[in-house]
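Chain and residue survey
Residue-level listing of the chains:
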Amino acid sequence: ESYEELIKNKRIKDQYHLFSYILHQNQTTANNINNYVFEKYFEKGKEKRYNQEPIGIFEWLYNMKNSRFVLTNSFHGAVFSIIFNTPFLVVPVEGSKMNDRITTLLSSVGLENRIIDRFDENTIDKLIRETIEWNEVNNRVQKLRNDSFEFLEKAIRE
């Protein structure tokens, strides 16, 4: 709700339909999946794809919430896709050992299948068409929040 409040009355220059938030250089797999998804599932000339143009935080949040689909290799891209219930895929960062927190996050909310680590049209197509059960995901997120608050309250009392 706090993030939605930040973007509620903001004037946004560009709305992207495919929000491709890919960090780091030389991300061949992510770029190949990005191109495939845009070519197959989005209407050229009508629908826009974000591809690292400089944008501000409000535009970033707005597009994370309002894009039809998010493709990312970023932990924060995965987090905000979950917060805003925006369909997404995560492509792990190639050549990095920093993907564990994304895997842990997605496993904790039952979305570990949203990780795709190689270009495979059949898998991409299946995941694009698959409906994410957001009620179940949101319930798991709420339970994790509650458990965290309980842990902190207990730690403070002790």
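Bear in mind that the values here come from a model prediction, so they are computed numbers and not experimental data.

Here we take up the nonpolar core. A general tendency of soluble globular proteins is for nonpolar side chains to be buried together. Grouped together as the largest cluster of nonpolar side chains are 25 residues, with contacts concentrated most on Phe-19, Ile-82, Phe-88, Leu-111 and Val-137. Of all the elements in the fold, those that place two or more residues in this core are β1 (18–21), α3 (57–66), α4 (75–84), β4 (88–90), α5 (100–108) and α7 (134–157). Element by element, the count of residues in this core is highest for α4, at five residues. For Phe-19, the residues in contact, after removing those within four places along its chain, are Tyr-50, Ile-55, Trp-60, Asn-63, Met-64, Ser-67, Phe-69, Val-70 and Leu-71. By size, the runner-up hydrophobic cluster in this structure holds 17 residues, among which are Leu-18, Phe-69, Val-91 and Ile-128.

Attention shifts here to α4. Within α4, seven of the ten residues are buried, which leaves the element mostly enclosed by the surrounding structure. Where α4 is concerned, the buried positions are Gly-77, Ala-78, Val-79, Phe-80, Ser-81, Ile-82 and Phe-84. Near the N-terminus of α4, the side chain that reaches the backbone nitrogen of His-76, with its oxygen 3.1 Å away, is that of Ser-74. Within two residues after α4, Asn-85 carries a phi angle of roughly 55 degrees, on the positive side.

This part takes up unusual backbone geometry. The backbone of His-24 shows a phi angle near 80 degrees, a positive value even though the residue is not glycine. Turning to its location among the elements, His-24 is positioned in the loop between β1 and α2 (28–41). Look at His-24 and you get exposed, because its relative accessible area is 55%. Although it is not a glycine, Asn-85 adopts a positive phi angle of roughly 55 degrees. With respect to the helices and strands, the residue Asn-85 is situated in the loop between α4 and β4. In this structure Asn-85 comes out as partly exposed when scored by relative accessible area, which is 25%.

Summarising the element assignment, Phe-75 is placed in helix α4. For the pair Phe-75 and Pro-92, spaced 17 residues apart in the sequence, the C-alpha separation amounts to 9.5 Å. For Phe-75, the contacting residues outside a window of four places in its chain are Arg-101, Ile-102 and Leu-105.

Moving on, we come to the pattern of salt bridges. Summed over all chains, the structure comprises twelve salt bridges. Put simply, Asp-14 and Lys-48 hold a salt bridge, and the shortest N to O gap is 2.6 Å. Here the residue Asp-14 occupies a position in the loop between α1 (2–7) and β1, and Lys-48 occupies one in the loop between α2 and β2 (49–50), the gap between them amounting to 34 residues. The partner of Glu-47 in a salt bridge is Arg-68, and the shortest N-O contact between them spans 2.9 Å. Separated by 21 residues along the polypeptide, Glu-47 in the loop between α2 and β2 and Arg-68 in the loop between α3 and β3 (69–72) bring together distant segments of the chain. Taking relative accessible area as the criterion, Glu-47 reaches 17% and is therefore assigned buried. Overall, Arg-68 belongs to the partly exposed group, its relative accessible area being 43%. By sharing partners, the salt bridges in this structure join Arg-114, Lys-126 and Glu-130 into a single network.

Cut-offs used in this document
Residues numbered from 1 in each chain as written. Predicted model: local features only at pLDDT ≥ 70, side-chain atom pairs only at ≥ 80, totals over all residues. Heavy atoms only, no water. Core = buried A, V, L, I, M, F, W, Y, C linked by side-chain atoms within 4.5 Å. Buried < 20%, exposed > 50% of the residue type's maximum accessible area, 1.4 Å probe, protein only. Helix = DSSP H or I, 4+ residues; strand = E, 2+ residues; numbered from the N terminus. Contact = heavy atoms within 4.5 Å. Polar contact = N/O pair within 3.5 Å; in protein donor to acceptor, adjacent residues only side chain to side chain. Salt bridge = Lys/Arg side-chain N within 4 Å of Asp/Glu carboxyl O.

By themselves these figures say nothing about function.
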